[in-house]
Amino acid sequence: MSFRDLRNFTEMMRALGYPRLISMENFRTPNFPLVAEILRWLVKRYDPSADMHPDIDTEQDRVIFIKSVAEFMATKAHIKLNTKKLYQSDGYAVKELLKATSILYNAMKTNVAQALEQPDNDTTENVSFDVSSKISDLKEARRLASEITTRGASLYDKLEKEVDLREERIMVLSRSLEINEVENGLHSSIKAVEAEIAKTMQMLDNVASDEANLEAKIEKKRSELERNHKRLSTLQSVRPAYMDEYEKLEEDLQKLYETYMIKFRNLTYLEQQQDEYYRVEQDKLEETEAALKLMAERIRSEERKQDQITPDDDQEDMFENWCIENLDQRKFGSKVPQKHKSKNVIKLRRQSLKRPDER
């Protein structure tokens, strides 16, 4: 139930011309007389010649009245109403009443709109027809046409079966009922009900016994659980015989691991230092080779100049000695062995004695 539904229902009933003023407070509590009066008025609006059940004093009369209204709406207006909600006669019944009221209200609005669109005079004029505003009506007409076709087909199938069913119905109605057969049927029904009751009582007894068995099993499992807990606590409190040896070995393992880590770090550091030393020595060797190549090029250029100038032998010896000393100092440091120095002098002198083309 919602405030919007109540408001729409009261406004629709007022527009349809319901003689009584309906308030939204009328459906806060169940109000069956008002719902019955509204249903009678709606039925009369659909079919003025319709005959409804007049009494609503007893519970049986109310049920018959609701059923008759629901059947009328289903056959005449093709509206399916929920009889339980209608019988509640509260806000939930308003939703069911809106189904019938909305159709009448929409029909009234359509008639009013058509009356306003029609001209007062009878002269023929060009009337504008908007197809877009009638699309919903076309869809509804198409749906109703398909529904009529299906209902007609189902009705035709049922009417074909009416010939055989009529004979069986007449045969059953024409047969006279014998008291013995009725008594036998009643006795058999009573026995079947008694057997079902006995079976139900037996099932109830079995439920009680099953419950007792389950309680016994639960108690047994609970005692086993307590016993296992006690055993677990006992095992946790007892110290194993090999635990001392295990702890001692664990301490030794920890010491060995620390020693291993120290040695591993030292080894890694030494390997790093060794790689660094090799790299520095390689750089120095490359620098020395580059300096030697540069010195050799310089000596060759000086020799070419000397060949062109033809200097004296003393100056050549002094220049050769100076080159040898510089070369030996770069290669061996400040202290140069005498033996190595004499060998270089001899080598340079031999090269100077050769002809330029042999060099």
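Residues numbered from 1 in each chain as written. Predicted model: local features only at pLDDT ≥ 70, side-chain atom pairs only at ≥ 80, totals over all residues. Heavy atoms only, no water.

Asker: What is the right way to read the side chain of Ser89 from this model?
Answerer: Following the sequence through the fold, Ser89 ends up in the loop between helix H4 (83-88) and helix H5 (91-117). With relative accessibility at 1%, the residue Ser89 sits in the buried group. In this structure Ser89 touches Phe27, Thr29, Pro30, Asn31, Phe32 and Val35, once residues within four positions along its chain are discounted. (Helix = DSSP H or I, 4+ residues; strand = E, 2+ residues; numbered from the N terminus. Buried < 20%, exposed > 50% of the residue type's maximum accessible area, 1.4 Å probe, protein only. Contact = heavy atoms within 4.5 Å.)

Asker: When you look at helix H8 (residues 243-309) in this model, what are you seeing that I'm missing?
Answerer: Residues that lie three or four places apart on an α-helix share one face, since the helix turns once every 3.6 residues. Here H8 is 67 residues long and its end C-alpha atoms lie 98 Å apart, about the 99 Å a rise of 1.5 Å per residue gives. Buried residues of H8: Met295, Ile299 and Gln306, and no others. (Expected span 1.5 Å × (residues − 1).)

Asker: Even after reading the chapter, I still don't get the confidence of the model for the protein chain, so can you show me in this structure?
Answerer: Interpreting fine coordinate detail is not advised for predicted regions of low pLDDT. Here the protein chain averages 79 in pLDDT, while 79% of its residues score no lower than 70. Mean pLDDT values for the elements of the protein chain range from 49 in helix H10 (residues 338-353) up to 92 in H8. In this model, residues 119-129 is a region of pLDDT below 50 whose contacts with residues beyond four sequence positions or in other chains number one contact. Low pLDDT, under 50, characterises residues 353-359; the predicted model gives this stretch six contacts beyond four residues in sequence or across chains. (pLDDT = per-residue confidence, 0-100.)

Asker: Would you take a moment to explain the packing of aromatic side chains for this structure?
Answerer: Aromatic ring pairs are reported here in terms of the distance separating the ring centres and the angle at which the planes meet. Using the criterion set out here, one finds five aromatic pairs in the structure. The interplanar angle of 50° and the centroid separation of 6.2 Å between the aromatic rings of Tyr277 and Tyr278 together place this pair among those described as tilted. (Phe/Tyr/Trp six-rings, centres within 6.5 Å; stacked < 30°, edge-to-face > 60°.)

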